[in-house]
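Listed here are the chains, written in short residue letters.
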Amino acid sequence: MSEKIRVTVWNEFRHEKTEEAARAIYPEGIHGAIGAFLSKNSDMEVRLAALDDPGQGLPDEILNSTDVLLWWGHMHHGEVKDELVERIRRRVYVDGMGFIALHSAHHSKPFRALVGATGNLLWGDEQKEIVWNILPSHPIAAGVPQHFTLPEEELYAEPFQIPRPDAHIFEGWYEHGYVFRTGVTFLRGAGKIFYFQPGHETCPSYHNETVQRIITNAVRWAKPADFGYKVDPGAPWVPPIA
Ligand code: ZN
């Protein structure tokens, strides 16, 4: 691993081209907004990728030199090729690449393949959300207050069909009374996965400083661990240790 964390922010990048309301909030695209605040960190080297880029944004030379991949997708999950999903899954399981699934990426092919669940949930109209920091000792919660308010977010609510998370860090409470596991982590193979709910395309959540702090913390947490050896789940046999 190079000294800097090599971050790739992948975005479906269609809403911002076709919907004025999304373009007004994210003129450079959601990936552009996320890339802009992550790039302020001297320990990160940030690249942007989109579904319509060559190789769906993640040809081998980009994916294989990514330490942490952030993923935002919504309407076009089905266009993401299965062979790309498999290359992502192997990068996480075998090489320890971090994967951060944002908002509607709960239904993305890579998230479902990595955690092994449908990712189904209840949803509804945009409304006020209070995000509670319920695991303040976790590195992703560093510097995050006990709670913070997003004036408007799309309602995502339980039951959220995911396996039991390894850590449940943030809990969302919505104005209409619903609750949601807003920030959760999973360990899979050699890699680390974080799912984070805020980020509907017509809500300005990625401009919120606390949301930015959480995503920045998550990138540092999710970078590949320094195992000092190759984790290869395909190895058929190992000799006894003398
Ligand atoms: Zn949404």
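Refer to the preceding data block for the structure.
Criteria and cut-off values
- Positions within a chain are numbered from 1, following the residues in the order the chain's sequence is written.
- Given that this is a predicted model, residues contribute local features only at a pLDDT of at least 70 and side-chain atom pairs are listed and counted only at 80 or more, while totals for whole chains, interfaces and linings are drawn from all residues.
- Water and hydrogen atoms play no part in the side-chain values, which are based on all heavy atoms of the structure.
- Counted as coordinating are nitrogen, oxygen and sulfur atoms within 2.8 Å of the metal, or 3.2 Å for Na, K and Ca, while water is not included, which may make sites look incomplete.
- Strands here are runs of E lasting at least two residues and helices are runs of H or I lasting at least four, both read from the DSSP assignment and numbered beginning at the N terminus.
- Under the scheme applied here, a residue whose accessible area is under 20% of the maximum for its type counts as buried, over 50% as exposed, and between as partly exposed, the area being computed with a 1.4 Å probe on protein chains only.
- A pair of strands is treated as paired once DSSP finds two or more bridges between them.
- Think of each axis as a best-fit line through the C-alpha atoms, taken over the contacting stretch in the case of a helix, with angles from 0 to 180 degrees between the N-to-C directions.
- Any two residues having at least one pair of non-hydrogen atoms within 4.5 Å are treated as being in contact.

J.: How should the coordination of the zinc ion be read in this particular structure?
T.: A metal bound by six donors in octahedral fashion has ideal angles of 90 or 180 degrees, whereas one bound by four tetrahedral donors has an ideal angle of 109.5 degrees. Donor atoms from the polypeptide that bind the zinc ion are His-103 (NE2), Glu-154 (OE) and His-200 (ND1), placed at 2.0 to 2.1 Å. Sequence spacing among the residues donating to the zinc ion works out to H-x50-E-x45-H. Here His-200 lies in the loop between strand S9 (191-196) and helix H7 (209-222) and Glu-154 lies in strand S6 (residues 147-157), a separation of 46 residues in the sequence. Pair check on accessibility: Glu-154 and His-200 agree, each one buried.

J.: Is there a simple way to explain the sheet that holds S9 in this structure?
T.: The strands making up a sheet associate through hydrogen bonds between their backbones, and the pairing can be parallel or antiparallel. The mixed open sheet is built from 9 strands, whose spatial order is S2-S1-S3-S4-S9-S8-S7-S5-S6. Both outer strands of the open sheet, strand S2 (44-50) and S6, are each paired with one neighbouring strand and no more. Within this sheet the neighbouring strands show an average axis-to-axis angle of 25°, counted without direction. Two strands pair when backbone bridges link them, and strand S4 (residues 98-102) and S9 are joined in this way by 4 bridges, in the parallel orientation. Among the inter-strand pairings, Leu-102 is bridged to a residue of S9, identified as Phe-196. Across the sheet, helix H5 (residues 82-93) touches strand S3 (68-72), S4, strand S8 (179-188) and S9, and the angle it forms with S3 is around 140°.

J.: Help me understand the environment of Leu-121, please; the structure alone is not making it clear to me.
T.: Along the chain, Leu-121 falls in the loop between helix H6 (109-115) and strand S5 (122-133). When the C-alpha positions of Leu-121 and Leu-155 are compared, they lie 9.9 Å apart, and in sequence the two are 34 residues distant. When sequence neighbours within four positions are dropped, the list of residues in contact with Leu-121 reads His-106, Tyr-156, Ala-157, Pro-159, Phe-160 and Phe-180.

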